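Here's the letter readout for the chains.
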Amino acid sequence: MAMQQEWANKDYYGDLGLTSSASAAEIKKAYRKLARENHPDSHPGDKQAEERFKRVAEAYDVLGDETKRKEYDEFKSMMNSGGFMRFGGRGGSGFPGGFRTTGTTDFGASGFDDVGFGESFGQGGGFSAEGSLGDIFGGLFNRGGGTGRSARPTRGADVETHITLDFREAVKGTTIPVELTGEAPCTDCHGSGSATGKTSTCPDCGGSGFVSEQKGAFGMSRPCTRCGGTGQVIEDPCPTCSGSGTVRRTRSITVRIPAGVIDGQKVRLAGQGEAGPNGTPAGDLFVNVTVRPDTVFTRDGDDLAVTVPVSFTELALGGAVTVPTLDNPVKVKVPAGTPNGRTLRVKGRGVARKSGTAGDLMVTVEVQVPKNLDATATSALRAYAQAEKDSGFNPRAGWAGAPTGNE
Ligand SMILES: [Zn+2]
Ligand SMILES: [Zn+2]
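Quick caveat: nothing in here was measured; it's all calculated off a predicted structure.

Analysis parameters
- Residues numbered from 1 in each chain as written.
- Chains lettered and ligands numbered in written order.
- Predicted model: local features only at pLDDT ≥ 70, side-chain atom pairs only at ≥ 80, totals over all residues.
- Heavy atoms only, no water.
- Helix = DSSP H or I, 4+ residues; strand = E, 2+ residues; numbered from the N terminus.
- Buried < 20%, exposed > 50% of the residue type's maximum accessible area, 1.4 Å probe, protein only.
- Contact = heavy atoms within 4.5 Å.
- Areas by Shrake-Rupley, 256 points an atom, 1.4 Å probe, with all protein chains shown as cover.
- Donors = N, O, S within 2.8 Å, 3.2 Å for Na, K, Ca; no water.
- Tetrahedral: all angles 85-135°; square planar, octahedral: opposite > 155°, others 65-115°.
- Expected span 1.5 Å × (residues − 1).
- Arc of directions from axis to C-beta.
- Pairing = 2+ DSSP bridges.
- Axes fitted to C-alpha atoms, helices over the stretch in contact; angles between N-to-C directions.
- Polar contact = N/O pair within 3.5 Å; in protein donor to acceptor, adjacent residues only side chain to side chain.
- Parallel < 35°, antiparallel > 145°, perpendicular 65-115°, else oblique.
- Left-handed = near helix turned anticlockwise from the far one by under 90°.
- Nonpolar A, V, L, I, M, F, W, Y, C, P; charged D, E, K, R; others polar.
- Salt bridge = Lys/Arg side-chain N within 4 Å of Asp/Glu carboxyl O.
- Core = buried A, V, L, I, M, F, W, Y, C linked by side-chain atoms within 4.5 Å.
- Phe/Tyr/Trp six-rings, centres within 6.5 Å; stacked < 30°, edge-to-face > 60°.
- Patch = residues over 30% accessible without salt bridge, like charges linked within 9 Å, V, L, I, M, F, W, Y side chains within 5 Å.
- pLDDT = per-residue confidence, 0-100.

Caption draft 1: Region of the structure containing the overall build of the protein chain. Regarding its fold elements, the protein chain presents ten helices and 17 strands. The buried share of the protein chain, taken over its 407 residues, is 37%. Sequence-distant contacts in the protein chain: of pairs separated by 6 or more residues, those separated by 24 or more amount to 65%. As displayed, the protein chain offers around 22,500 Å² of accessible surface, 53% of which is attributable to carbon and sulfur atoms.

Caption draft 2: Just the coordination of the zinc ion (ligand 1), in detail. Those donors, Cys-186 (SG), Cys-189 (SG), Cys-238 (SG) and Cys-241 (SG), are the protein atoms that reach the zinc ion (ligand 1), and they lie 2.3 Å from it. Around the zinc ion (ligand 1) sit four donor atoms, and with donor-metal-donor angles ranging over 104 to 114 degrees the site reads as tetrahedral.

Caption draft 3: The arrangement of helix H3 (residues 24-37) in detail. Taking 1.5 Å per residue as the helical rise, H3 with its 14 residues ought to reach 20 Å, and the 20 Å between its terminal C-alpha atoms agrees with that figure. Those residues of H3 that fall on the buried side of the exposure criterion are Ile-27, Ala-30, Tyr-31, Leu-34 and Ala-35. Mapping the buried residues of H3 onto a view down its axis gives an arc of 125 degrees, with all of them on the same face. Looking at H3, the residues exposed on the side facing more than 90 degrees away from the buried face are Ala-25, Lys-29 and Arg-36.

Caption draft 4: Here's a closer look at the pairing of strand E14 (residues 319-323). Examined bridge by bridge, E14 and strand E15 (residues 330-334) share five bridges and lie antiparallel to one another. In the sheet register, Thr-322 faces E15, and the bridge partner there is Lys-331. Where E14 folds back on E15, the antiparallel hairpin that results is connected by six residues.

Caption draft 5: Layout of the sheet that holds strand E12 (residues 298-300). Strand order in the open sheet formed by four strands is E12-E13-E17-E16, and the pairing between neighbours is mixed. Every other strand in the sheet has two partners, leaving E12 and strand E16 (343-346) as the edge strands with one partner each. Sheet twist, expressed as the mean angle between neighbouring strand axes with direction ignored, is 30 degrees. Alignment of E16 against strand E17 (residues 361-367), held across four bridges, turns out to be antiparallel. Its bridge partner lying in E17, Arg-345 is registered against Met-362.

Caption draft 6: The side chain of Thr-246, seen in detail. By secondary structure assignment, the location of Thr-246 is in strand E9 (residues 246-257). A polar side-chain atom of Thr-246 sits 2.6 Å from a polar atom in the side chain of Glu-183.

Caption draft 7: Seen up close, the packing of H3 against helix H4 (residues 47-63). Contact geometry of H3 with H4 gives a least axis separation of 9 Å together with a crossing angle of 160 degrees. With respect to H4, the axis of H3 lies roughly antiparallel. Read as a crossing pair, H3 and H4 show a hand that is left-handed. Contacts from Ile-27, Lys-28, Tyr-31, Leu-34 and Ala-35 in H3 reach Phe-53, Val-56, Ala-57, Tyr-60 and Leu-63 in H4. Each residue belonging to the contact of H3 with H4 can be placed in one class, and the counts come to nine nonpolar, no polar and one charged.

Caption draft 8: Geometry of the pattern of salt bridges. The tally for this structure, following the rule as stated, stands at 16 salt bridges. Residue Glu-37 pairs with Lys-33 through a salt bridge whose shortest N-O separation is 3.2 Å. Of the two residues, Glu-37 and Lys-33 both sit in helix H3, four residues apart, roughly one turn of that helix. When its relative accessible area of 40% is taken as the criterion, Glu-37 is described as partly exposed. Of the residues examined, Lys-33 reaches a relative accessible area of 45% and is grouped as partly exposed. Where Asp-166 meets Arg-292, a salt bridge forms, and the shortest distance between an N and an O atom there is 2.3 Å. Taken together, the residues span a long stretch of sequence, with Asp-166 in the loop between strand E3 (159-165) and helix H8 (167-172) and Arg-292 in the loop between strand E11 (285-291) and E12 at a distance of 126 residues. A relative accessible area of 35% means that Asp-166 is categorised as partly exposed.

Caption draft 9: Representation of the nonpolar core within the structure. Within the largest apolar cluster, 37 residues are counted, with the highest numbers of intra-cluster contacts made by Val-255, Val-287, Val-323 and Val-363. One finds Trp-7, Tyr-12, Tyr-13 and Ala-22 within the second-largest nonpolar core, a separate group that totals 18 residues.

Caption draft 10: Highlighting the packing of aromatic side chains. Evaluation of the coordinates by the stated rule reveals four aromatic pairs. Among the aromatic side chains, those forming a connected cluster through ring pairs are Tyr-12, Tyr-13 and Tyr-72.

Caption draft 11: Structural view of unusual backbone geometry. Even without being glycine, His-190 reaches a positive phi, approximately 55 degrees. Positionally, His-190 belongs in the loop between strand E4 (174-185) and strand E5 (199-201). A relative accessible area of 70% means that His-190 is categorised as exposed.

Caption draft 12: Looking closely at a nonpolar patch on the surface. A contiguous nonpolar patch, built from Phe-312, Leu-373, Leu-381 and Tyr-384 and spanning about 350 Å² of accessible area, is present on the exposed surface. Inspection of the secondary structure assignment puts Leu-381 in helix H10 (residues 375-390). On the accessibility criterion, Leu-381 (44% relative accessible area) is partly exposed.

Caption draft 13: Structural view of H10. Taking 1.5 Å of rise per residue, 16 residues should cover 22 Å, and H10 covers 23 Å from first to last C-alpha, within 8% of that figure. Taken from the residues just after H10, Gly-392 is the one with a positive phi, measuring 95 degrees.

Caption draft 14: Focus on the confidence of the model for the protein chain. Summing up the model confidence of the protein chain, the mean pLDDT is 77 and the portion of residues at 70 or higher is 79%. Considering each helix and strand of the protein chain separately, the mean pLDDT is smallest for helix H6 (residues 114-123), with a value of 30, and largest for E17, with 97. In the predicted structure, residues 82-151 sits below a pLDDT of 50 and forms 131 contacts with residues beyond four places in sequence or in another chain.

Pasting the structure below:
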């Protein structure tokens, strides 16, 4: 909570002389310029310059980190809107690198998780209006693997992308190439940010990663901005990435989508987000999945549904109809006297589950009435109509809508 309450009174963009539409490069540039201009070394004893320097460092601490910046922007827009609107499915549990609930299926190193699936179904994603303020803040605060103490990101930013799958791809699972533009490890220094790998103790914090400052009567310690809290500074920055360890580029990755994803689901791929600075772990990739409807099947959880056109005689006399599945077609036995609209269950021909079992195929029969019968069929049908009447069959027997005394 502390950080967000602090954010309420901050104007980090203003501190850097920027607006909220500033690019990452503009933020970096403004920070470097202002930090240089106000550096305490060049203004010994100048309290105002020192204060400006701290404000600029604090602003860059948040705005210079894509994840924190996003949280800050969201926090500010929530404040400005005067309420807490939808908190778009960004996960609420806030376990760094762990399993996220609320509409996100965890699909990381541990693989696809059935429990996650249940959560998705149950909650439908997104932030629920009942969530308390503390929950939201807790989520914000804990996200991104940071503890709220490190001055620079300790992992890469999470990335979100979007893919559209065919119905069958979604049911069966698929691999799909995705192009992502963002921070990726610098190939020249292998992500370390150093040209030779040489580091030295940070002169600002003496290697502790924290510096002390006086805030009124309280002595506070805050993460060292010079070394990002690591206690070490690079002596010879890699010229390709200016010491950050990452470069912006477009990379192609193959995303494995687990079997059984549903339309609107968000799949999390651990470690497939942006590269972290100076060799720290990568962020996560969140893939929003849209599923194109199928012309034959619909889905209800693990069950597949299909409607099969049949003739009246097939239902009256019984028989077998051939029904498509996601694999080979199956013959489904239709008992004599099956009513129109009856749904027959074919066990195990639905959506495969991780456990090895599968849902069922629900086959609904729908009578097709012929429009143009030839003479032979017409005359046979007339004979049948009479025979049906003679047999005592009355389609409206027992019908509540039947006019009384006039059948
Ligand atoms: Zn480099
Ligand atoms: Zn330091």
